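Take a look at the letters that make up each chain.
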Amino acid sequence: MSYIQYGLLIALAIALVFAAVTDMQRRQIDNWLNAGIALAAPVFWWASGLSLWPDVAIQLGIAVLAFAFFAGLFALKLMGGGDVKLLTVLALWIEPNAFLQLLIIMALAGGALTIVMGGYHFLARQKERLAIPYGVAIAFGALWVLFPKLIDVPAYA
């Protein structure tokens, strides 16, 4: 892995932590953050040596499919818009098999988060609607998938 790839993955990890924190605090993932992640993806493709066909085309196809599926969940009010955008831009970075793993880890983490927050909501006898900061689960799933790459520090040449 090159220093450029490694630096971009560290930047992505920082962006994911920022997304999780802001989602916990404000229940919002900012558009500028998602745009920054999306705009950095082509640099990551170049640094990773991906070919336009089929590698980049596959990444774009997975992102389009992710957007279509999660936008449907948004339309059903099952997911927030920031979550849809974050998953879509992550599909630009993460290869398809690892993206599927991200979705599984995200679902498990999201379920655990929902149980914990729901229990607290119930015990605290809160009246307002429970809002789950799903960006936390998305970030957890993405960091889980990216962690092996992040610990593969480039060696000096």
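Structure: above.
Because the structure is predicted, anything quoted here is derived from the model rather than measured.

J.: With reference to specific residues and values, describe the overall build of the chain.
T.: A tally of helices and strands in the chain yields 6 helices and 0 strands. For 157 residues, the compact-globule estimate of 2.2 N^0.38 gives 15 Å, and the chain sits close to it at 16 Å. The C-alpha extent of the chain, read off along each of the three principal axes, is 60 × 35 × 25 Å. Counting only residues that meet the buried cut, the chain has 39% of its 157 residues in that class. The contacts of the chain with a sequence gap of at least 6 include a subset with a gap of at least 24, amounting to 71%. Taking the 8 positively charged and 7 negatively charged side chains of the chain as two groups, their mean positions are separated by 16 Å.

J.: Now, about unusual backbone geometry: what can you tell me, with residues and values included?
T.: Geometrically, the link from Trp53 to Pro54 is a cis peptide bond, its omega value of 5 degrees lying close to zero. Tracing the backbone shows Pro54 in helix α3 (residues 52–75). You will see that Arg27, though not glycine, has its phi angle at about 55 degrees, which is positive. Looking at where Arg27 falls in the secondary structure, it is placed in the loop between α1 (3–26) and α2 (31–48). For Arg27, a relative accessible area of 38% gives the class partly exposed. With phi around 50 degrees, Arg125 is a residue other than glycine that occupies positive phi space. Relative to the elements of secondary structure, Arg125 occurs in the loop between α5 (96–123) and α6 (134–150).

J.: If you had to explain the environment of Gly82 to someone new, which residues and values would you point to?
T.: Tracing the backbone through its elements, the reader meets Gly82 in helix α4 (residues 81–93). The exposure class assigned to Gly82 is buried, which follows from its relative accessible area of 16%. Note: C-alpha distance between Gly82 and Thr114 (32 residues apart in sequence) is 18 Å. Setting aside its immediate chain neighbours within four residues, Gly82 contacts Ile29 and Asn34.

J.: Lay out the nonpolar core with the relevant residues and their values.
T.: Residues Leu16, Ile37, Leu86, Leu90, Trp93, Ile94 and Leu102 are the most contacted members of the largest nonpolar core, which totals 41 residues. Every element with two or more residues in this core is listed here: α1, α2, α3, α4, α5 and α6. Those residues in contact with Trp93 that lie beyond four places of it in its chain are Leu8, Leu9, Leu12, Ile37, Ala40, Ala41, Phe44 and Gln59.

J.: Explain the packing of α1 against α4 to me, and be specific about the residues and the numbers.
T.: Remark: α1 packs on α4, axes separated minimally by 13 Å, with the N-to-C direction vectors making an angle of 170 degrees. Between α1 and α4, the angle is such that the two are roughly antiparallel. Touching Leu8, Leu9, Leu12, Leu16, Ala19 and Asp23 of α1 are Asp83, Leu86, Leu90 and Trp93, all from α4. Tallied by class, the residues present in the contact of α1 with α4 amount to 8 nonpolar, no polar and 2 charged.

J.: I'd like a description of the pattern of salt bridges, backed by residues and values.
T.: Under the counting rule described, the total for this entry stands at 2 salt bridges. For Arg26, the salt bridge identified is with Asp30, shortest N-O distance 2.9 Å. On the basis of relative accessibility, which here comes to 11%, the residue Asp30 falls in the buried class.

J.: Can you break down the side chain of Asp30 residue by residue, with the values?
T.: For Asp30, the position within the fold is in the loop between α1 and α2. At 2.9 Å, the side chain of Asp30 forms a polar contact with the side chain of Arg26.

About the criteria used
- Residues numbered from 1 in each chain as written.
- Predicted model: local features only at pLDDT ≥ 70, side-chain atom pairs only at ≥ 80, totals over all residues.
- Heavy atoms only, no water.
- Helix = DSSP H or I, 4+ residues; strand = E, 2+ residues; numbered from the N terminus.
- Rg over C-alpha atoms; globule rule 2.2 N^0.38 Å.
- Buried < 20%, exposed > 50% of the residue type's maximum accessible area, 1.4 Å probe, protein only.
- Contact = heavy atoms within 4.5 Å.
- Lys, Arg positive; Asp, Glu negative; His and termini not counted.
- Charge placed at Lys NZ, Arg CZ, Asp CG, Glu CD.
- Core = buried A, V, L, I, M, F, W, Y, C linked by side-chain atoms within 4.5 Å.
- Axes fitted to C-alpha atoms, helices over the stretch in contact; angles between N-to-C directions.
- Parallel < 35°, antiparallel > 145°, perpendicular 65-115°, else oblique.
- Nonpolar A, V, L, I, M, F, W, Y, C, P; charged D, E, K, R; others polar.
- Salt bridge = Lys/Arg side-chain N within 4 Å of Asp/Glu carboxyl O.
- Polar contact = N/O pair within 3.5 Å; in protein donor to acceptor, adjacent residues only side chain to side chain.

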